[in-house]
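Each chain, letter by letter, is given below.
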4 protein chains.
Amino acid sequence: MAIKVTVWNEDSLAETAEAVRKVHPEGLNGTLAGIFRGNEGFEVRTACLADADAGLSDEMLEDTDVLIWWGHCKHHLVPDEAVTRVQRQVLRGMGLIVLHSGHESKIMQRLLGTQCSLRWHEMNERERLFVVEPAHPIMKGVPPYFELEGEEMYGERFDIPAPDALLAIGWYETGEVFRSACCFNRGYGKLFYFQPGHETLRSYYNENVRKIILNAAAWAARDRSMDRPLHSEFAEPLEAKRG
Amino acid sequence: MAIKVTVWNEDSLAETAEAVRKVHPEGLNGTLAGIFRGNEGFEVRTACLADADAGLSDEMLEDTDVLIWWGHCKHHLVPDEAVTRVQRQVLRGMGLIVLHSGHESKIMQRLLGTQCSLRWHEMNERERLFVVEPAHPIMKGVPPYFELEGEEMYGERFDIPAPDALLAIGWYETGEVFRSACCFNRGYGKLFYFQPGHETLRSYYNENVRKIILNAAAWAARDRSMDRPLHSEFAEPLEAKRG
Amino acid sequence: MAIKVTVWNEDSLAETAEAVRKVHPEGLNGTLAGIFRGNEGFEVRTACLADADAGLSDEMLEDTDVLIWWGHCKHHLVPDEAVTRVQRQVLRGMGLIVLHSGHESKIMQRLLGTQCSLRWHEMNERERLFVVEPAHPIMKGVPPYFELEGEEMYGERFDIPAPDALLAIGWYETGEVFRSACCFNRGYGKLFYFQPGHETLRSYYNENVRKIILNAAAWAARDRSMDRPLHSEFAEPLEAKRG
Amino acid sequence: MAIKVTVWNEDSLAETAEAVRKVHPEGLNGTLAGIFRGNEGFEVRTACLADADAGLSDEMLEDTDVLIWWGHCKHHLVPDEAVTRVQRQVLRGMGLIVLHSGHESKIMQRLLGTQCSLRWHEMNERERLFVVEPAHPIMKGVPPYFELEGEEMYGERFDIPAPDALLAIGWYETGEVFRSACCFNRGYGKLFYFQPGHETLRSYYNENVRKIILNAAAWAARDRSMDRPLHSEFAEPLEAKRG
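Throughout what follows, the structure given in this document is the object of discussion. (Residues numbered from 1 in each chain as written. Chains lettered and ligands numbered in written order. Predicted model: local features only at pLDDT ≥ 70, side-chain atom pairs only at ≥ 80, totals over all residues. Heavy atoms only, no water.)

Points about the overall build of chain A
Here is step 1: Looking only at helices and strands, chain A features 6 helices and 10 strands.
Here is step 2: At 18 Å, chain A has a C-alpha radius of gyration in line with the 18 Å of a compact globule built from 243 residues.
Here is step 3: Along the first, second and third principal axes, the C-alpha set of chain A runs to 70 × 40 × 35 Å.
Here is step 4: Among the 243 residues that make up chain A, the fraction classed as buried is 65%.
Here is step 5: Looking at chain A alone, contacts between residues at least 24 apart form 71% of all its contacts between residues at least 6 apart.
Here is step 6: Looking at chain A as shown, the accessible area adds up to about 8,300 Å², and 50% of this sits on carbon and sulfur atoms.
Here is step 7: Of note, chain A has its 27 positive side-chain charges centred 4 Å away from the centre of its 37 negative side-chain charges. (Helix = DSSP H or I, 4+ residues; strand = E, 2+ residues; numbered from the N terminus. Rg over C-alpha atoms; globule rule 2.2 N^0.38 Å. Buried < 20%, exposed > 50% of the residue type's maximum accessible area, 1.4 Å probe, protein only. Contact = heavy atoms within 4.5 Å. Areas by Shrake-Rupley, 256 points an atom, 1.4 Å probe, with all protein chains shown as cover. Lys, Arg positive; Asp, Glu negative; His and termini not counted. Charge placed at Lys NZ, Arg CZ, Asp CG, Glu CD.)

Brief notes about the interface of chain A and chain B
Here is step 1: At the junction of the two partners, chain A supplies 48 residues and chain B supplies 48 residues.
Here is step 2: Roughly 3,700 Å² of surface becomes buried between chain A and chain B when both sides are summed, with 50% attributable to carbon and sulfur atoms.
Here is step 3: On the chain A side of the interface with chain B, the three residues burying the most area are A:Glu173, A:Ser232 and A:Lys241, jointly 15% of the side's total.
Here is step 4: Seen at the junction of chain A and chain B, the total is 0 salt bridges.
Here is step 5: Elements represented by at least two residues in the side of chain A that touches chain B include exactly helix 4 (80-92), helix 5 (106-112), strand 5 (119-131), strand 8 (177-186) and strand 10 (233-234) of chain A.
Here is step 6: With 7 residues, the single largest contributor to the side of chain A that touches chain B is strand 5 of chain A.
Here is step 7: Split by residue class, the side of chain A that touches chain B holds 16 nonpolar, 15 polar and 17 charged.
Here is step 8: Alignment of strand 10 of chain A against strand 5 (residues 119-131) of chain B, held across 2 bridges, turns out to be parallel. Note that in strand 5 of chain B the partner of A:Phe234 across the bridge is B:Trp120. (Buried area = accessible area lost by both parts, 1.4 Å probe. Salt bridge = Lys/Arg side-chain N within 4 Å of Asp/Glu carboxyl O. Nonpolar A, V, L, I, M, F, W, Y, C, P; charged D, E, K, R; others polar. Pairing = 2+ DSSP bridges.)

Some details on the relation of the copies chain D and chain A
Here is step 1: Superposition of chain D onto chain A requires a rotation of 180 degrees combined with a translation of 0.0 Å along the rotation axis, giving an RMSD of 0.0 Å. What the rotation and shift describe, once combined, is the action of a two-fold rotation axis.
Here is step 2: Of the residues that chain D buries at the interface, 100% are likewise interface residues in chain A, meaning the two copies contact each other through the same surface. (Least-squares fit on C-alpha atoms with pLDDT ≥ 70 in both.)

Points about the interface of chain D and chain A
Here is step 1: With 24 residues of chain D in contact, the opposing surface of chain A contributes 24 residues.
Here is step 2: Summed over both sides, the interface of chain D with chain A buries roughly 2,000 Å², with 58% coming from carbon and sulfur.
Here is step 3: The largest share of the area that chain D buries against chain A comes from D:Phe130, D:Trp171 and D:Arg242, three residues that together contribute 28% of it.
Here is step 4: For A:Glu239, the salt bridge is made with D:Arg242, and the minimal N-O distance between the two is 3.8 Å.
Here is step 5: Across the contact surface, chain D and chain A share 8 residue pairs in polar contact (both at pLDDT 80 or more).
Here is step 6: Listed by contribution, the elements that provide at least two residues to the side of chain D that touches chain A are strand 5 (119-131), strand 7 (165-172) and strand 8 (177-186) of chain D. (Polar contact = N/O pair within 3.5 Å; in protein donor to acceptor, adjacent residues only side chain to side chain.)

Examining empty space enclosed by the protein
Here is step 1: Scanning the model with the defined rule gives 1 cavity of 30 Å³ or more in all.
Here is step 2: Computed from the structure, the largest cavity encloses a volume of approximately 30 Å³.
Here is step 3: In terms of residue class, the lining of the largest cavity is made up of 3 nonpolar, 2 polar and 3 charged. (1 Å grid on protein atoms, 1.4 Å probe; cavity = no way out; pocket = protein on both sides within 12 Å on 5 of 7 lines; lining within 4 Å. Points joined across faces, edges and corners; volume = space filled by probe spheres on them.)

Overview of the layout of surface pockets
Here is step 1: Quantified by volume, the second largest pocket comes out at close to 530 Å³.
Here is step 2: Lining of the second largest pocket is provided by 25 residues; of these, B:Ala218, B:Ala221, B:Arg222, B:Asp223 and D:Lys140 occupy positions nearest its centre.
Here is step 3: For the lining of the second largest pocket, the secondary structure elements donating two or more residues are strand 1 (3-9), strand 9 (189-194) and helix 6 (207-220) of chain B.
Here is step 4: At 4 residues, helix 6 of chain B tops the list of elements feeding residues into the lining of the second largest pocket.
Here is step 5: When its residues are assigned to classes, the lining of the second largest pocket shows 13 nonpolar, 4 polar and 8 charged.

Quick notes on the side chain of D:Arg128
Here is step 1: Residue placement: D:Arg128 occurs in strand 5.
Here is step 2: Reaching out from D:Arg128, the side chain makes a polar contact with the side chain of D:Glu147 at a distance of 3.0 Å.
Here is step 3: With sequence-adjacent residues up to four places away left out, D:Arg128 is seen in contact with A:Gly175, B:Leu238, B:Glu239, D:Tyr145, D:Phe146, D:Glu147, D:Ile169, D:Gly170 and D:Trp171.

Remarks on helix 2 (residues 27-36) of chain C
Here is step 1: Most of helix 2 of chain C sits inside the fold, with 9 of its 10 residues counted as buried.
Here is step 2: Where helix 2 of chain C ends, the next residue or the one after it, C:Gly38, has phi of about 85 degrees, a positive value.

Focus: the relation of the copies chain A and chain B
Here is step 1: Of the transformation placing chain A onto chain B, the axial shift is 0.0 Å and the rotation is 180 degrees, giving an RMSD of 0.0 Å.
Here is step 2: A high fraction, 100%, of the interface residues of chain A reappear at the interface in chain B, so the copies pair face to face through one surface.

Topic: the environment of A:Pro161
Here is step 1: Turning to its location among the elements, A:Pro161 is positioned in the loop between strand 6 (145-155) and strand 7 (165-172).
Here is step 2: A:Pro161 gets classed as buried once you look at its relative accessible area, which sits at 2%.
Here is step 3: Through-space distance from the C-alpha of A:Pro161 to that of A:Leu112 is 6.8 Å; in sequence the pair is 49 residues apart.
Here is step 4: Among residues more than four places away in sequence, those in contact with A:Pro161 are A:Leu112, A:Thr114, A:Phe184, A:Arg186, B:Asn185 and B:Arg186.

Details of the packing of aromatic side chains
Here is step 1: For the structure on display, the rule yields 34 aromatic pairs over all chains.
Here is step 2: Ring centres of B:Phe192 and B:Phe194 lie 5.7 Å apart, and the angle between their planes is 25 degrees; on these two criteria the pair is classed as stacked. Of the two residues, B:Phe192 and B:Phe194, both sit in the buried class.
Here is step 3: An aromatic cluster of at least three residues, connected via ring pairs, comprises A:Tyr154, A:Phe158, A:Phe178 and A:Tyr193.
Here is step 4: When the ring centre of B:Tyr188 is taken as origin, the NZ or CZ atom of A:Arg157, which lies over that ring, is 5.5 Å away.
Here is step 5: Here the guanidinium or amino end of B:Arg128 rests over the ring plane of B:Trp171, the centre of that ring lying 5.0 Å away. (Phe/Tyr/Trp six-rings, centres within 6.5 Å; stacked < 30°, edge-to-face > 60°. Lys NZ or Arg CZ within 6 Å of the ring centre and 35° of its normal.)

All quantities given are derived from atomic positions and should not be read as evidence of function.
This is how it looks when you write it as structure tokens:
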């Protein structure tokens, strides 16, 4: 059965800036959805903030196995109730892949409990990503390291809890490092944060970046057989008290 | 310099039920503060929900190195703004020790991102806690295992992220287990969750429970030399781009 | 392509005691191999200490994706060179599942660096295993908890490094707890330790135990695309020194 | 009571090469011991491979709270029995700080179970270390990042188990990154690996490197109140079987 992927962006195609459209003719949603198109293991659709319910209705989320999140300038415009709906779905088992500037989205902060802040500058500089957990399924088929010709610099300290698995570390030409691929388990769901993807650059066309996003979607996909209550439950004693 | 401990309870002494006062004549705040009194390494005071600013003003928190939290029936009455103040202080370095029924407090959920739900029943049953990380400073001086004659049962699955360190596991007479002592690093601060402490029972008089709470306060105490910004920062390049 | 499983036991069928044969007519190797037989995703064979090269030749290991290990009384008879061969294969990517009394095998100690000691007694008592990471692929399809009518007690403290993932905790009738299902990543390989399986008892016929062993074999299976050097390598500079 | 530190080197002062003596007039042992001299919290002495029992006798180790290890070319000359003695002491609670080229020492491999291999070249290049766990006691007083004017490059993938805490990541001028400060708990003891310290360079005179080594020694120091058996123990039942 195909994994149902929803790619969410803060901008609709109409709202997407010219500089972004030059690189992503169908918007970031189009480029990201393209990673999954033609791959029979996945069904993909897109949503954005301007859609009804911020593009994050219960019905849509309930029908989503993995949500891919790209946002930057409009984090504060995402309604708290929509964030609560997404959080609840993750805790119930939906996978969530947060890309690049989504590090400071409300949903990332909500699931991790920290600010997720970092150091940054935008100089279109060279980045090289080194895989530190090569046996993790998300890194399957990825070489020991690979380069991105231009990226925005995101540097440490990245204010996150220690990830459940740290998969890759980025080196930047201008002298910084970053934990660029991090896995977190939360509730019955999984969160993968992946740093590449400045909107005017071409990282999402890089074959290793694409492979990692595909692998991550397979890794994070919801397992519906594990849909269980999230609230505390009164439990009848399993053994008698001894007195 | 003494570590400044604030013990917070949802109930004032006046609000404390008769059944609780029988065990804790000065309320849970009194019993918990008593763990620190007479120990020259600590200065202790108490606060409660009925106080101004829910007993959690910026001034008080700013002057606190470790906050100890006991709440149960009034989680929903703690104002969100107070929770935000506490979260911010933890991320800036304040220690937080959440006890027993505080597992479902807003502050615990806020810092961990999960529901922190569990299985439970209240049968005043025997619990035995086994130390699994004996070399951790919080377990210094604690024997390999110890017993509590009566506790409320808290059982797995406990809906928390995998702790940064799991220190103890509880066994219950009625057939359940629990990750009863868990450390989490968040921002520049530390969170310790410790399961014992049903309000009508005597766990806080147990010498090992007291030792663990004392050790945890020393471990979690704020280090003011580490007070640093929490927001993302623009960074001038540390090295020139190569072109 | 089927996953190649080799089940290894310290005893050949001829060496297997009468009391064990009553429960395992084809020996523990037969019962464990039976978990995989008839499942088209796996090819299974067996080996034992009495075989040439202690049943652990380079050729056989090289042709194995997951090795399942059951040993108890003959740990000291396994030649160090055989242990070195197995360790090397794990670091290169072979999966290893160590069962029950294998906790103190040389290969477990070699890969973890600790004694892997524990508290024990043998009273054929009730155990109940609670799943603490339900979203892990090894726990797919397993209920929140399940019971084993009789087991040998293995209790904490279990002298292991903190596992990369702790999947289940066991409760014992006689008052102890145990980290009963633990994942460790080592080199390019994966190690899963699973506590059930006293030789005269019926745990390996329990459907949840069988499901966990099957899932673990799929999780740990070697990924040959990741076969990479294990030794340190001289690296030509990826960027010029700046002087 | 002062923490007893023993600094061990593979070379005696007489064996130390001229190029090393230029930087370390009393040898690496002298420079490293100098970090502790004059600090009343520590008592320090030195040992080397040419000493009786490889400088690692049971008596000396038993009287050591933290062992600091610097080796490079003579790893293979350290007798296996000496490695076993050190391992045993670590498991019983002795702290171990492995520096720089000690990453491939037998004792590091023994305690971690992996090859601890890496990528390297020696170009006396600039390194910048970024702290990722600022609240850890080992990083107390250390700025968010600091530079070493010249180091040997050690690059990922570093073949270690995921550390129990990753404290710092190094950036190198020639395009690589490294997990340069890693904590591991093993048995009742603690291991800290710290990457700086090529023998002909001046990293051990850097104030932040010195601070980290001092902090690490305090963190890793043996707690004699926790001296407990390492072997498996028969346990009388803590509760009666129910039948």
